[in-house]
Amino acid sequence: MTVAENFFENLRLELRRGCLTLAVLAQLRQEHYGYTLRKALAERGMEIDESTLYPLLRRLETQGLLASEWREEAKRNKRFYRLSDDGEEIFAKLLHEWNAINTSIHNIL
């Protein structure tokens, strides 16, 4: 990989990281467990690896933005996630910020 390609990849990942957080918060306005969350995001064009998703979910829960509970479904225990009250408030603020930034970028381009 060339220096330019490596630099681009680092910037791409940095940009994507923030977008993934917003996408996960948006999707968790409705309850999901990990697999259905990954599938719903992928269906909307946002692919995410398990090795990225589960640490993100744990971090967001530790930060108080998500609530989770273990339940049995189809004879298997699954951890279901949803936005907490704080998560809903933060999501609304982030979405407002995202829309403002997106408008600015479109105006600049």
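Residues numbered from 1 in each chain as written. Predicted model: local features only at pLDDT ≥ 70, side-chain atom pairs only at ≥ 80, totals over all residues. Heavy atoms only, no water.

1. Brief notes about the overall build of the protein
Tallying secondary structure elements over the protein gives 4 helices and 3 strands in all. Each helix and strand of the protein, placed in order from N terminus to C terminus, yields the pattern α-β-α-α-β-β-α. Its C-alpha atoms put the protein at 50 × 35 × 25 Å along the principal axes. Counting only residues that meet the buried cut, the protein has 27% of its 109 residues in that class. Of the accessible surface of the protein, which amounts to about 7900 Å², a share of 52% is contributed by carbon and sulfur atoms. Counting 16 positive and 17 negative side-chain charges, the protein places the centres of these two groups 4 Å from one another. (Helix = DSSP H or I, 4+ residues; strand = E, 2+ residues; numbered from the N terminus. Buried < 20%, exposed > 50% of the residue type's maximum accessible area, 1.4 Å probe, protein only. Areas by Shrake-Rupley, 256 points an atom, 1.4 Å probe, with all protein chains shown as cover. Lys, Arg positive; Asp, Glu negative; His and termini not counted. Charge placed at Lys NZ, Arg CZ, Asp CG, Glu CD.)

2. What to know about the pairing of strand S3 (residues 76–83)
When strand S1 (residues 32–33) meets S3, the two strands line up antiparallel, connected through 2 bridges. Within S3, the position partnered with histidine 32 by the bridge is tyrosine 81. Examined bridge by bridge, strand S2 (residues 66–73) and S3 share 8 bridges and lie antiparallel to one another. For tryptophan 70, the partnering residue across the bridge sits in S3 and is arginine 79. The antiparallel hairpin formed by S2 and S3 contains 2 residues in its connecting segment, where alanine 74 sits at a positive phi of about 55 degrees. (Pairing = 2+ DSSP bridges.)

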